[in-house]
Amino acid sequence: LSSAPNVKRLIIDLHGEHPNVSPILMFSLEGYSETPSMPSLEDISLTRCKAALADIRALCSANLRTLSLVNSHVWSNVDELVQTLQRVPLLESLEHYLDAPYGVAHENAFIPSRSSRYPLRCVQLPRLQSLVLSGDSAFEINIVIFSYLAFPPHASLQLLENYDSIAVLPEEVDNDIISMG
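Fair warning: this is a prediction, and the values are worked out from it, not measured in the lab. (Residues numbered from 1 in each chain as written. Predicted model: local features only at pLDDT ≥ 70, side-chain atom pairs only at ≥ 80, totals over all residues. Heavy atoms only, no water.)

1. Side note on the overall build of the protein
When its secondary structure is counted, the protein shows four helices and 10 strands. When its helices and strands are written in sequence order, the protein yields β-β-β-β-α-β-α-β-β-β-α-β-β-α. Counting all 181 residues of the protein, 44% fall into the buried class. Expressed as a percentage of contacts within the protein between residues at least 6 apart in sequence, the contacts between residues at least 24 apart total 76%. Summed over its atoms, the accessible surface of the protein is roughly 9200 Å², and 53% of this surface lies on carbon and sulfur atoms. (Helix = DSSP H or I, 4+ residues; strand = E, 2+ residues; numbered from the N terminus. Buried < 20%, exposed > 50% of the residue type's maximum accessible area, 1.4 Å probe, protein only. Contact = heavy atoms within 4.5 Å. Areas by Shrake-Rupley, 256 points an atom, 1.4 Å probe, with all protein chains shown as cover.)

2. Comments concerning unusual backbone geometry
Even without glycine at this site, Asn 71 takes up a positive phi of about 50 degrees. Mapped onto the fold, Asn 71 is located in the loop between β5 (66–70) and α2 (78–85).

3. Here we look at the pattern of salt bridges
Taken as a whole and assessed by the stated rule, the structure comprises three salt bridges. For Glu 42, the salt bridge is made with Lys 8, and the minimal N-O distance between the two is 3.7 Å. Within this pair, whereas Glu 42 is found in the loop between β2 (27–28) and β3 (43–47), its partner Lys 8 is found in the segment before β1 (9–13), the two being separated by 34 residues in sequence. Judged by its relative accessible area of 27%, Glu 42 is partly exposed. Across the pair Arg 9 and Asp 43 runs a salt bridge whose closest N-O atoms are separated by 3.8 Å. (Salt bridge = Lys/Arg side-chain N within 4 Å of Asp/Glu carboxyl O.)

4. Focus on the sheet that holds strand β6 (residues 93–98)
Here we have six strands laid out as an open sheet, ordered β1-β3-β5-β6-β8-β10, and parallel in their pairing. The sheet is open, and its two borders are formed by β1 and β10 (156–159), each paired with just one other strand. Adjacent strand axes in the sheet meet at a mean angle of 5 degrees, parallel and antiparallel pairs treated alike. As paired strands, β3 and β5 are joined by five bridges and run parallel to one another. Residue Leu 46 lies in a different strand from β5, and its bridge partner there is Leu 69. (Pairing = 2+ DSSP bridges. Axes fitted to C-alpha atoms, helices over the stretch in contact; angles between N-to-C directions.)

So far we have only geometry, and geometry alone does not tell us how the molecule works.
And the structure:
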């Protein structure tokens, strides 16, 4: 990537399975923080990827317009989410999707809990047009992400569970998570 400073779109899409590889294998973005920044990057789409905070922050330029994360782990907690998304004020579309095998039980997984450092709605995304938070049994993660974002009232919002997800009962959700949404 260091030889492509003008790249506008980055798509890393790890699909398919191999009999000798775990079906939940994720592509590591380790070391991207050591490459020169990509100030022209406008679109990032990651499927089955994992990254440390420094690496995802290095990829997220201030010009980023679209961020799609499918079965990917780029934040381990809400503080890392906030620190990353505060760097992308021009973001117009954010998609976060997790299937059950990539959820909270997976290593490097996002732990849905309240931040002790940042207030709710502290990530200002004034140009956001579309927010899609979905997945399989990802309700708490989706609510936590939603709770820290501030975006225009005309933006499209989709909070979805897969049709085959096990229903989340109100008594199974942490009361603190409910109060955040």
